[in-house]
Amino acid sequence: MITLRAGSAEAVLHTRGAYLSALRRGGRDIILPGSVERQTRGGMALLIPFANRVRGGVYELDGVVYELPKNAEGHAIHGLAMSMEWSLVERGDSYAAFELELSHPGYPSTLLCSVRYELSEASLSVSLKAINRGPRRAPLVVGAHPYFVVSRPWRLDAKNPLRCVAVGKIPTGELVPHSFGIDGEYDDCFLVEEDPVVLKSPYSTVELWRRGMPYIQVYTGVEGAVAVEPMSGAPDAYHNGMGLRILDPGESTVFSFEIKFG
């Protein structure tokens, strides 16, 4: 367990999944405390090399069919890196960096993944980098899964959101305009190309600023929190192509986001 501190702000990180289990300021939780055993039910998990679902857990790239581990719904979910042990490569009082060489039978190539967390009194910055170290092309979507603590009524403010039309939680590729109201029940993906995305409730106000991560998944399945997940592509991007990046051998890419809670 690695604890970062900056003034009255504190973040707790783990090498398994490079997972953030807690983020608080002045003893007050910004993110719902989580556990490394259930990373997508609290805290903030990292979703690499796909975010949310891959339909049927099967996809094809360059004429080769790959099969991923499936959940109870019969889909692959939440990437591969969450359950893997990352290496701590840099550490200071208010920052930490982790690396992982990601290799899996269901993935065409080998990714060198790195993440850097940097904490300030009023924000947490996260930078993600992926390098294709293998001989084949590598499909890539990255995301993060933070659960922000809220009280009712809460509201999500976003500029010109487009909802990904989905069937059985799998986007079809169609986008339609959307307007967020007060509260609501969601397990939906949105394309939001302008920042910030702001989550407001009587409990707190949190701003999300993103670079290269124009999609957000909004999930309300955990009481007392709303997950607002920055993602570089939509669920099932391996099939629908929404935000999918294909890295050639030797190619790299960087994504980042900042959570402001001051």
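The following paragraphs examine the structure supplied in this document. Residue positions within a chain follow its written sequence, with the count starting from 1. Where totals are concerned, whole chains, interfaces and linings use all residues; where local detail is concerned, this predicted model gives features only for residues with pLDDT of at least 70, and gives and counts side-chain atom pairs only at 80 or more. Note that water and hydrogens are dropped before the side-chain values are worked out from all heavy atoms of the structure.

As for the sheet that holds strand β16 (residues 155-157)
Across the sheet, which stays open at both edges, the eight strands sit in the order β10-β11-β12-β13-β25-β21-β20-β16 with antiparallel pairing between neighbours. Two strands lie at the open edges of the sheet, namely β10 (87-91) and β16, each paired on one side alone. Taken over all neighbouring pairs, the strand axes of this sheet differ in orientation by 15° on average, direction set aside. Only when DSSP finds a minimum of two bridges between them are two strands counted as paired. Secondary structure follows DSSP: runs of H or I at least 4 residues long count as helices, runs of E at least 2 residues long count as strands, and numbering of each begins at the N terminus. For helices, the fitted line uses only the C-alpha atoms of the stretch in contact; every axis is such a line through C-alpha atoms, and the angle between N-to-C directions lies from 0 to 180 degrees.

Side note on the packing of aromatic side chains
Only rings of Phe, Tyr and Trp enter the pairing, Trp through its six-membered ring, and a pair is recorded when the two centres are within 6.5 Å. The plane angle decides the type: under 30 degrees is stacked, over 60 is edge-to-face, the rest tilted. What the rule picks out here adds up to eight aromatic pairs. Seen in terms of ring centroids, Tyr59 and Tyr238 are 4.7 Å apart; in terms of plane orientation they differ by 65°. Their pairing is edge-to-face. With Tyr59 in strand β7 (residues 58-61) and Tyr238 in helix α1 (residues 237-240), this residue pair connects regions lying 179 residues apart in the sequence. Summarising the burial analysis for this pair, Tyr59 and Tyr238 share the class buried. Ring geometry for Tyr186 and Phe190: centres 6.0 Å apart, planes at 70°, overall edge-to-face. Buried residues are those whose accessible area, probed at 1.4 Å on protein chains only, stays under 20% of the maximum for their type, while exposed residues exceed 50% and partly exposed ones sit between those limits. Look at Phe190 and you get buried, because its relative accessible area is 0%. Clustering of aromatic rings is evident, with ring pairs tying together Phe50, Tyr59, Tyr66 and Tyr238. In this structure, Arg28 is placed above the aromatic ring of Tyr203, and the distance from its NZ or CZ to the ring centre is 3.9 Å. Above the plane of the ring of Trp209 lies Lys260, whose end atom (NZ or CZ) is 4.8 Å from the centre. By the criterion adopted, a ring carries a charge over it if an Arg CZ or a Lys NZ lies within 6 Å of its centre and within 35 degrees of its normal.

Some points on the pattern of salt bridges
Salt bridges are identified by distance alone: a Lys or Arg side-chain nitrogen within 4 Å of an Asp or Glu carboxyl oxygen. All told, the structure shown has 17 salt bridges when counted by the stated rule. Ionic pairing is found between Glu10 and Arg5, a salt bridge with its closest N-O pair at 3.2 Å. The partner of Asp157 in a salt bridge is Lys200, and the shortest N-O contact between them spans 3.5 Å. In this pair, Asp157 sits in strand β16 while Lys200 sits in strand β20 (residues 197-200), placing the two residues 43 residues apart along the sequence. Here Lys200 falls in the partly exposed class, since its relative accessible area comes to 40%. Within this structure, Arg5, Glu10, Arg24 and Asp29 form a network of salt bridges that share partners.

Comments concerning the side chain of Thr40
Mapped onto the elements, Thr40 comes out in the loop between β4 (28-31) and β5 (44-47). By relative accessible area, Thr40 is classed as buried at 17%. In contact with Thr40, not counting residues within four places along its chain, are Ala45, His78, Met82, His145 and Tyr147. The contact definition used throughout considers only heavy atoms, calling two residues in contact when any of these lie within 4.5 Å.

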